[in-house]
Amino acid sequence: MSDYKLQKMKNYLIEHLNKSFIFFSLISYASLILFIEKKDDSLRFCLDYKKLNALIKQDCYSLFLINETLACIQDSKYLTRLNIIVIFNKLHMHSRSEDLTIFIIFFDFYKYHVIFFRLINNSTFYQHYMNDVLFDYLHQFCQIYLDDIIIYSKTLKKHKKHVQLVLHRLQEIDLQMNINKCKFHLQEISFLELLLFIEELKMNLRKVQAVVE
């Protein structure tokens, strides 16, 4: 492993140890690590959990379809989209399952205290969590897809009230938003790779790749 990757790995360990996302461990088995190069040429720290994922029973819960969202926002005049930061680190591993996440690197053995993004079922776990958080408002004036929340209302007065209710609930459980990805009180919004309008649905052309013959 190059010095650059070793330093990236050490930085990752320091950051996640300080956050108590991972901690030291000693055991006779472990998963290996790898780095994936991102579009900006930086490196993403990943774990090879293929063998572990093969043993985990898959959650059959299915994430909602875009048709369900469109049905809910019919007759709405105002839309707001919220994006949650680090929601994936809010869910802790069960104490009896932590040893299964152990990985080995140059420095030592470590294991996760929070659910790691590369584990199977992580998306459905996060969706269950967010559904519970906003259960009182779900399908009334908001829809959730993982870390994205869309709020819809027929009048501006109601919409402001709905947004306040959702923000207050998120604040109660200490979920923070990425303000750069949030859009408030609009009649056109991007959601699930689509453009939602108060009267119609359109493809987001920036998300469509041209086919070259």
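Structure's up top.
Every value quoted in this text rests on a predicted model; they were computed, and no experiment measured them.

Novice: Just to check I follow, could you spell out the pattern of salt bridges for this structure?
Specialist: A side chain with one charge can pair with a side chain of the opposite charge if their charged atoms come near. Applying the stated criterion to the full structure yields 3 salt bridges. One salt bridge in this structure joins R169 and D136, with 3.4 Å as the shortest N-O distance. Of this pair, R169 sits in helix α5 (residues 156–172) while D136 sits in the loop between α4 (122–133) and β7 (142–145); the two residues are 33 residues apart in sequence, bridging distant segments of the chain. A salt bridge links R169 to E172, with the shortest nitrogen-to-oxygen separation between them at 3.5 Å.

Novice: Teacher, can you tell me more about the nonpolar core here?
Specialist: Side chains of a nonpolar character, in soluble globular proteins, are inclined to be buried together. Among the nonpolar cores identified, the biggest contains 42 residues, and F45, F103, Y112, L134, I149, V166 and L170 are the most heavily contacted of them. For this core, the secondary-structure elements that each account for two or more residues are α1 (3–18), β2 (33–37), β3 (43–47), β6 (109–112), α4, β7, β8 (148–153) and α5. By residue number, the principal contributor to this core is α4, which donates 4 residues. With near-sequence residues (within four places) excluded, L134 lies in contact with C142, I144, I149, V166 and R169.

Novice: Explanation requested: unusual backbone geometry in the structure shown.
Specialist: If a residue is not glycine, its phi is most likely negative; likewise, a peptide bond is most likely trans. A positive phi angle, near 70 degrees, is found at H139, a position not held by glycine. When you line up the elements, H139 lands in the loop between α4 and β7. Look at H139 and you get partly exposed, because its relative accessible area is 49%. A positive phi angle, close to 55 degrees, is found at H185, a residue other than glycine. Note on placement: H185 falls in strand β9 (residues 183–186). You can call H185 partly exposed: its relative accessible area is 31%.

Novice: Sorry, what's going on with the sheet that holds strand β1 (residues 22–25) here?
Specialist: Whenever strands of a sheet pair, they do so through backbone hydrogen bonds, lying parallel or antiparallel. Taken in spatial order, the 3 strands line up as β1-β6-β5 in an open sheet, and their pairing is antiparallel. Only two strands of the sheet have a single partner each, and these edge strands are β1 and β5 (103–104). Across 2 bridges, the pairing between β5 and β6 is antiparallel. Each bridged residue has a counterpart across the sheet, and for F103 the counterpart in β6 is Y110. Against the sheet, α1 engages β1, β5 and β6, with an angle of about 105 degrees to β1.

Novice: Please clarify how α5 should be interpreted in this entry.
Specialist: An α-helix turns once every 3.6 residues. As a result, residues three or four positions apart point the same way. An ideal rise of 1.5 Å per residue puts 24 Å on 17 residues; α5 measures up with 24 Å between its terminal C-alpha atoms. Taken together, the buried positions of α5 are H159, H162, V163, V166, R169 and L170. Each buried residue of α5 sits inside an arc of 130 degrees when the element is viewed along its axis, so together they form one side. Facing away from the buried side of α5 by over 90 degrees, the exposed positions are K157, Q164, Q171 and E172. Buried residues in α5 make contact with β4 (78–83), α4, β8 and β9. Phi for D174, located one or two positions after α5, is positive at around 60 degrees.

Novice: Explanation requested: α1 in the structure shown.
Specialist: Taking 1.5 Å as the rise per residue, α1 with 16 residues should run 22 Å; its terminal C-alpha atoms sit 22 Å apart, in good agreement. Every buried residue belonging to α1 is among M9, Y12, L13 and H16, and all of these are buried. One side of α1 carries all its buried residues, which in axial view fall inside an arc of 100 degrees. Residues D3 and N18 are exposed on α1 and point more than 90 degrees away from its buried face. If you follow the buried residues of α1, they end up packed against β1, β2, β3, β5 and β6. Two residues or fewer after α1 comes S20, characterised by a positive phi angle close to 65 degrees.

What counts, and where the lines are drawn
- Residues numbered from 1 in each chain as written.
- Predicted model: local features only at pLDDT ≥ 70, side-chain atom pairs only at ≥ 80, totals over all residues.
- Heavy atoms only, no water.
- Salt bridge = Lys/Arg side-chain N within 4 Å of Asp/Glu carboxyl O.
- Helix = DSSP H or I, 4+ residues; strand = E, 2+ residues; numbered from the N terminus.
- Core = buried A, V, L, I, M, F, W, Y, C linked by side-chain atoms within 4.5 Å.
- Buried < 20%, exposed > 50% of the residue type's maximum accessible area, 1.4 Å probe, protein only.
- Contact = heavy atoms within 4.5 Å.
- Pairing = 2+ DSSP bridges.
- Axes fitted to C-alpha atoms, helices over the stretch in contact; angles between N-to-C directions.
- Expected span 1.5 Å × (residues − 1).
- Arc of directions from axis to C-beta.

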